[in-house]
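# Descriptive analysis of the structure
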Amino acid sequence: MAMARSSLLPPAAAVLIFACLFCCYASTTVSSQASSSSSSDVFLQCLSASIPSQLVFTPSSPSFTPLLKSSIRNPKFFTPATVRPLYIVTPTNASHVQAAVACGRRSGVSLRVRSGGHDYEGLSYRAVRNETFAVLDLSSLRAVRVDPQASTAWVDSGATLGELYYAVGKASGRLGFPAGLCPTVGVGGHFSGGGFGMLLRKYGMAIDNVVDAVLVDARGRLLSKSTMGSDVFWAIRGGGGESFGVVLSWQVRLVPVPPTVTVFNVPVTAAQGAVDVVTRWQQVAPALPDDLMIRVVVQQQTANFQSLFLGTCDALLPVMRSRFPELRFSRSDCREMTWIQSVPYIYLGSGSTVEDLLNRTTSASVFASGYKATSDYVRRAIPRDAWAAIFAKLAQPDAGLMILDPYGAAIAAVPEAATPYPHRAGVLYNIQYMNFWSMAGGDGAVQTRWIRDFYAFMAPYVSSSPREAYFNYRDLDLGENVIVGNVSSYQAGMVWGHKYFKDNYRRLATAKAEIDPDDYFRNEQSIPPLAQNK
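Because the structure is a prediction, the values reported are computed rather than measured. (Residues numbered from 1 in each chain as written. Predicted model: local features only at pLDDT ≥ 70, side-chain atom pairs only at ≥ 80, totals over all residues. Heavy atoms only, no water.)

Let's shift gears to the packing of helix H10 (residues 274-284) against helix H14 (residues 384-394). Packed helix pairs are specified by the crossing angle of their axes together with the interaxial distance, meaning the distance between the axes. Contact geometry for H10 and H14: axes closest at 9 Å, N-to-C directions at 125 degrees. One finds that H10 runs oblique with respect to H14. Every pair of crossing elements has a handedness; the one defined by H10 and H14 is right-handed. Side by side, H10 and H14 meet where Ala274, Val275, Asp276, Val278, Thr279 and Gln282 of the first sit next to Arg384, Trp387, Ala388 and Phe391 of the second. Grouping the constituent residues of the contact of H10 with H14 by class yields 6 nonpolar, 2 polar and 2 charged. (Axes fitted to C-alpha atoms, helices over the stretch in contact; angles between N-to-C directions. Helix = DSSP H or I, 4+ residues; strand = E, 2+ residues; numbered from the N terminus. Parallel < 35°, antiparallel > 145°, perpendicular 65-115°, else oblique. Left-handed = near helix turned anticlockwise from the far one by under 90°. Contact = heavy atoms within 4.5 Å. Nonpolar A, V, L, I, M, F, W, Y, C, P; charged D, E, K, R; others polar.)

You can see Thr374 is positioned in strand E16 (residues 369-378). Given the relative accessible area of 2%, Thr374 is considered buried. Among the polar contacts listed, one links the side chain of Thr374 to the side chain of Asp475, at a separation of 2.7 Å. With residues near it in sequence (within four places) discarded, Thr374 still touches Ile431, Gln432, Tyr433, Ile451, Tyr455, Tyr473 and Asp475. (Buried < 20%, exposed > 50% of the residue type's maximum accessible area, 1.4 Å probe, protein only. Polar contact = N/O pair within 3.5 Å; in protein donor to acceptor, adjacent residues only side chain to side chain.)

So, about the pairing of strand E18 (residues 429-438). Of all 10 residues in E18, 8 are buried; the element is thus mostly enclosed. As defined by bridge partners, E16 adjoins E18 across 10 bridges and the pair is classed as antiparallel. Counterpart to Ala373 in the pairing with E18 is Met434. (Pairing = 2+ DSSP bridges.)

Our next topic: the packing of helix H17 (residues 490-501) against helix H18 (residues 504-515). Between H17 and H18, the least distance of the axes is 8 Å, while the angle of their chain directions is 125 degrees. In terms of orientation, H17 and H18 fall into the oblique class. Here H17 runs over H18; the crossing is right-handed. Residue-level inspection shows Tyr490, Gly493, Met494, Gly497, His498 and Phe501 of H17 in contact with H18, the latter providing Asn504, Tyr505, Arg506, Leu508 and Ala509. Classifying every residue of the contact of H17 with H18 by side-chain character gives 6 nonpolar, 4 polar and 1 charged.

Overall, the coordinates contain 2 disulfides when judged by the stated rule. In this model Cys46 forms its disulfide with Cys103; the gap between the sulfur atoms is 2.1 Å. Taking the torsion about the sulfur-sulfur bond, which here is approximately -75 degrees, the covalent link between Cys46 and Cys103 counts as left-handed. Linking Cys46 in helix H2 (residues 36-48) with Cys103 in helix H4 (residues 94-107), this pair joins segments that are 57 residues apart in sequence. Linked covalently through their sulfurs, Cys313 and Cys334 form a disulfide whose S-S length is 2.1 Å. Between Cys313 and Cys334 the sulfur-sulfur dihedral comes to about 70 degrees; the bridge is accordingly right-handed. Separated by 21 residues along the polypeptide, Cys313 in helix H11 (residues 313-323) and Cys334 in the loop between H11 and strand E15 (335-337) bring together distant segments of the chain. Both residues of the pair, Cys313 and Cys334, belong to the buried class. (Disulfide = S-S within 2.5 Å.)

With antiparallel pairing, 7 strands are arranged side by side in an open sheet as E15-E12-E14-E13-E17-E18-E16. Where the open sheet ends on each side, the last strands, each with one partner, are E15 and E16. Strand-to-strand twist of the sheet, defined as the mean angle between neighbouring strand axes without regard to direction, takes the value 20 degrees. The pairing of strand E12 (residues 261-269) with strand E14 (residues 302-309) spans 8 bridges and is antiparallel. Bridging from a neighbouring strand, Val266 pairs with Phe305 of E14. Its contacts with the sheet place H14 against strand E13 (292-299), E14, strand E17 (401-406) and E18, and it is angled at close to 140 degrees to E17.

The strand order E5-E6-E10-E8-E9 describes an open sheet built from 5 strands, whose pairing is antiparallel. Of all the strands in the sheet, the pair left with one neighbour each is strand E5 (144-147) and strand E9 (222-223). Where E5 lies against strand E6 (residues 152-156), 4 bridges are found, and the strand directions are antiparallel. Looking across to E6, one finds that Arg145 is bridged to Trp154. Each of strand E8 (210-216), E9 and strand E10 (246-253) touches H4; the most contacted strand, E10, lies at about 140 degrees to it. Against the sheet, helix H5 (residues 161-171) touches E5 and E6, its axis set at about 30 degrees to E5.

Attention shifts here to unusual backbone geometry. In the segment running from Ser465 into Pro466, the intervening peptide bond is cis, with an omega of 0 degrees. Locating Pro466 in the fold gives a position in the loop between helix H16 (445-457) and strand E19 (483-484). The phi dihedral of Ala409 falls on the positive side, at around 55 degrees, and the residue is not glycine. Positionally, Ala409 belongs in helix H15 (residues 409-413). Residue classification places Ala409 among the partly exposed residues on the basis of a relative accessible area of 31%.

As structure tokens, this is what we get:
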């Protein structure tokens, strides 16, 4: 059921349901020694008063395992050793979410919120340590409501980026939205961590274009931008929305795109001079006109230069000849199309269609591959001799790949403190490192070790103090929360928090204390609360 736009304010029925449940919670003291079975029984009984039984799944339900598996993109977190949820709740409206929060607090069952499943550490559906939790799966909250006249849209957190793009493209051929490449990424998690893609140099990040949101907080209140307060609204746009509550829906500002865009993919092998071309790309790509984005995927001995240009091939050719002749770009490399056609083309390939953006499923081949990923930011161009060494390491057996996304232009024009995402001016490009392995062939220990060794090798060439990282490429190797007095430690969180958020970490922790001082919404890398007088 799609949320109506009026759900920005809590409907009377939802208020009454919440009031009843919260009174029960407030008058009930749950012993920290209570068994998980008694907690789960209380949770289930409480839910039955407010949520239809067909929306709540227990491990004994035939649909439980398929539902849990449905949006897991990293199967290494779907093994017998994985700490799994006691229940999965699939709300279809805001009152169900409010009820789940109230019941969770009453019973001592925590909630983890899943919108899409592209979760590098699986923290939206599994726990590292044994704990009693339920998953709030938002996949039934996926409406997209586009207002082309106002150039805005409301999108529910359970929608995928593909569903958002599809709706925008159907509503107008002259509007787009600047977010990620992969169409099966869930909107809720993507926006919560920042979100960037092929339009980042022209229009910045997804969070730079969020204008309102609907949030259920730890007290079960349904809040909008005006009622959640400026600090919390600031925090959920890049600081990890799951730390502050359950973001149900987002209002975004759509951006203009021309009727014709041009894409290209030009591979350059090491034998063809890839080391020199990538070395030169570092200085060229962040300084190009903001209509032009050229990213690089480096794997084995080939660098693939992938581009989106907001214009025609005739307009692109002179720019490439004057600014980046090293790539030897020619008219035959151009592919002209509409912006909405470019979205599946870039990610899914030349045989894809716009309708493919609506496919939420994970193919069996993808689910058969585990992976490990992490990230870096580069502020000074890496020397050519270092790139030669990098290509040598990428030629090793069981090596991974690098994805380089150039910055500059719009993403760099936003001040570091304007959003929680601080990696702005001065960044030449972001690096994502990934390595994959067949789940049938082993546990990925070799590939994971390669990533960690390569990350250590890259230390002299990337940002430092802190060594910056992207929250949406979450990596528990950077640190985990420590629970002290049933609250995540602010000091322990600094270990990973400064890497993701730099000086914005403290303001995030203050906002957390404002909206969720008891740290109900937490995971291994959630924002800890910091009281303002500390």
